[in-house]
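# Secondary and tertiary structure notes
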Amino acid sequence: AKRVVTGTLVKVLVHRREDRGMRLEPYASRCVRAGEVHELVVTDETGTAPGTRIDRVGFLGFVEITAAGVLDRGDVVWIGGHRVGVLLGFDACHFPNHYNVLVHADPVVTGRSLDLSPEMPVMFHQF
């Protein structure tokens, strides 16, 4: 059992890519601290092996963590009371600035297509 990690959407993103080239980190979990900001990215790809290339992505936005905790592969991701998908893994191409938190969802959506707005609550629930 673990606490629900919560956050607040601070910036909405609206674009998608078919050739992003993100690489999954070899970790199934990451600790996040209150005040950190991380990027939420949706993909319909399902590979979880370390180094798996993730190309088809939709960008949701940046979330500021408000309640620290552990993000685990398999956590259910909610934004504004809407179930977005399941945490797939992490890409660290921008770390230590932020992680790309990859969320499996089909179809691939963006912050615009979900009608997201800043200040929406974000939650990561254990499955």
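So, here's what we can say about the structure.

Parameters at a glance
- Residues numbered from 1 in each chain as written.
- Predicted model: local features only at pLDDT ≥ 70, side-chain atom pairs only at ≥ 80, totals over all residues.
- Heavy atoms only, no water.
- Salt bridge = Lys/Arg side-chain N within 4 Å of Asp/Glu carboxyl O.
- Helix = DSSP H or I, 4+ residues; strand = E, 2+ residues; numbered from the N terminus.
- Buried < 20%, exposed > 50% of the residue type's maximum accessible area, 1.4 Å probe, protein only.
- Phe/Tyr/Trp six-rings, centres within 6.5 Å; stacked < 30°, edge-to-face > 60°.
- Lys NZ or Arg CZ within 6 Å of the ring centre and 35° of its normal.
- Core = buried A, V, L, I, M, F, W, Y, C linked by side-chain atoms within 4.5 Å.
- Contact = heavy atoms within 4.5 Å.

Let us look at the pattern of salt bridges. This model, assessed by the stated rule, comprises 7 salt bridges. Here lysine 2 ties to aspartate 72 by a salt bridge, and the two come within 2.8 Å at their closest N and O atoms. A residue pair is termed long-range when its members are at least 10 positions apart, and lysine 2 in the segment before β1 (5-12) and aspartate 72 in strand β8 (residues 69-72) qualify at 70 residues. Of the residues examined, lysine 2 reaches a relative accessible area of 26% and is grouped as partly exposed. Residue lysine 2 is joined to aspartate 75 by a salt bridge in which the shortest nitrogen-to-oxygen separation is 2.7 Å. Placement of lysine 2 in the segment before β1 and of aspartate 75 in the loop between β8 and β9 (76-79) is noted, with a sequence separation of 73 residues between them. Within the structure, one salt-bridge network assembled from shared partners comprises Lys2, Asp72 and Asp75.

Turning our eyes to something else, we now look at the packing of aromatic side chains. For the structure shown, the criterion picks out 2 aromatic pairs. The ring of tyrosine 27 carries arginine 30 above its face, with NZ or CZ at 3.8 Å from the centroid.

Turning our attention to the nonpolar core. Ranked by size, the top nonpolar core spans 24 residues in total, and within it Leu40, Val42, Leu60, Leu71, Val101 and Phe124 carry the most contacts. Elements with a minimum of two residues in this core: β1, β5 (37-43), β7 (57-67), β9, β10 (82-91), β11 (100-104) and β12 (121-125). Discounting chain neighbours no more than four positions away, the residues touching phenylalanine 124 are Val4, Val5, Leu40, Leu71, Asp75, Val76, Val77, Leu87 and Val101. Formed by 10 residues, the second largest nonpolar core is a distinct cluster that contains Ile54, Val57, Phe62 and Leu88.

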